[in-house]
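# Summary of structural features
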Amino acid sequence: MTDILLDVQAIEKHFGGLVAVNSVDLQIERGMIASLIGPNGAGKTTFFNCVTGFYTPEVGDMLFKGQSIYGLRTDQIAQRGVARTYQNIRLFGNMTVLENILIGMHIHLKSSPLGAVLGTPFTRREEQRALDEAMQLLHYVSLDGQGDLLAANLPYGLQRRLEIARALALKPELLLLDEPTAGMNPNETEVMMNFIRRLRDELDLTIFLIEHDMKLVMSISDQVSVMDHGMKISEGTPGFVQRDPAVIKAYLGSGPAEDMEQDQQAQSAPDNVEVKP
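The present account deals with the structure reproduced in this document. Numbers given for residues are sequential positions, taken from 1 along each chain in its written order. Restriction of local features to residues with pLDDT of at least 70 applies here, the model being predicted, together with a cutoff of 80 or more for giving and counting side-chain atom pairs; totals for whole chains, interfaces and linings are based on all residues. With hydrogens and water set aside, each side-chain value is computed from the structure's full complement of heavy atoms.

## Regarding the sheet that holds strand β2 (residues 18-29)
To keep things clear, this is the line we draw: A strand pair is defined by DSSP finding two or more bridges across the two strands. Runs of H or I in DSSP of at least four residues are treated as helices and runs of E of at least two as strands, each being numbered from the N terminus.
Judged by pairing direction, the sheet is antiparallel, and its four strands sit side by side in the order β2-β1-β4-β5 without closing on themselves. At either margin of the open sheet sits one strand with a lone partner, and together these are β2 and β5 (67-68).

## A few points about the side chain of S221
The cut-off we apply is this: For this analysis, a polar contact is any N or O atom pair within 3.5 Å, provided that within protein one partner can donate a hydrogen and the other can accept it, and provided that sequence-adjacent residues contribute only side-chain to side-chain pairs. Every residue pair with non-hydrogen atoms within 4.5 Å of one another is taken to be in contact.
Relative to the helices and strands, S221 resides in the loop between α8 (214-220) and β9 (223-228). Here the side chain of S221 touches V217 through a polar contact of 2.7 Å, landing on its backbone oxygen. If we skip the residues at most four places from it in the chain, S221 touches I33, S35 and P238.

## What about the nonpolar core?
The condition that has to hold: The definition of a nonpolar core used throughout is a set of buried Ala, Val, Leu, Ile, Met, Phe, Trp, Tyr and Cys residues joined through side-chain atoms within 4.5 Å. For every residue, the accessible area (1.4 Å probe, protein chains only) is compared with the maximum for its type, and the residue is labelled buried under 20%, exposed over 50%, or partly exposed between those bounds.
In this structure, I101, L162, I164, L168, L175, L199 and I207 are the most contacted members of the largest nonpolar core, which totals 38 residues. Counting residues per element, the ones that place at least two in this core are α3 (97-103), α5 (121-140), α6 (156-168), β7 (174-178), α7 (186-203), β8 (206-210) and α8. Beyond its immediate chain neighbours, meaning those up to four positions away, I207 contacts M32, I33, A34, L175, L177, I196, L199 and R200. Of all hydrophobic cores here, the second largest spans 27 residues; its members include M32, A34, L174 and L176.

## Focus on the pairing of strand β1 (residues 4-15)
The two faces of a sheet get side chains in turn, since along a regular strand they alternate between them. Across eight bridges, the pairing between β1 and β2 is antiparallel. Each bridged residue has a counterpart across the sheet, and for I11 the counterpart in β2 is V24. Remark: two residues form the turn of the hairpin made by β1 and β2, two consecutive strands paired antiparallel; G16 in that turn has positive phi of roughly 65°.

## Some words on the pattern of salt bridges
Quick reminder of the rule: Within this document, salt bridges are pairs made up of a side-chain nitrogen of Lys or Arg and a carboxyl oxygen of Asp or Glu, the two lying within 4 Å of each other.
What the rule picks out here adds up to 13 salt bridges. Taking the shortest distance from any N to any O, the salt bridge between R73 and D75 comes out at 2.9 Å. Among the ionic pairs, E163 bridges to R166, the shortest N-O distance being 3.9 Å. You can see E163 and its partner R166 sitting in helix α6, three residues apart, about one turn around the helix. With respect to burial, E163 and R166 carry one shared label: buried. Members of the salt-bridge network, linked through shared partners, are D3, R30, K65 and E173.

What follows is the structure, encoded as structure tokens:
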């Protein structure tokens, strides 16, 4: 029997007269690496924002582990096992690397404010456990020895890893990655691709990512969903999506996505999308 972890049912998100997400259905099975692709402005990040509670859809429902998360706050959705990273890195730059990870653990801490003030034995033990787990995460994302550095002083690629470590501190079952290789060179992208596989295989996570690097998407994904102008236009295995005429039209600008940026066309279409009739 299929174990559906995330079940999004015909959600819509409107901004005035603009329909940013238009009746999109999407299911993700437990243990899957699923990707969401599409031209710039297709509605991908808005879809992520709906799933994680930053936006509330006007229509539809969203089920996580069979329970509706529609209308829940972001922290409530995180407590249920959904964590994310961002298209633009959102770290606390003036805090240390270690402190950034510890922030991600706050929803699991049970100590009361009074216990923190008094420094009760329970609070001290809990704080030590959190510190130990944070150090383990530093090691897992290859940031050993960097814990006392300010997050803003890390190189770009390591800031991406730190953001993932902070998300892992939430102890999620579903991890959403919004353009995890944005701004990376090919070697860094290859390293990140292997790291994402490790997250799924070693930590038993389900991964849902937005990505513009088609080589990465087609290499790593079990399922690829495609959005254009707010609608889901295709879904299936990487091979199926590569050959889908609707996807080819969207990426080549011969269909409804003619205003797609030229840099994405150059990156995505010639090398990774089959364009032969």
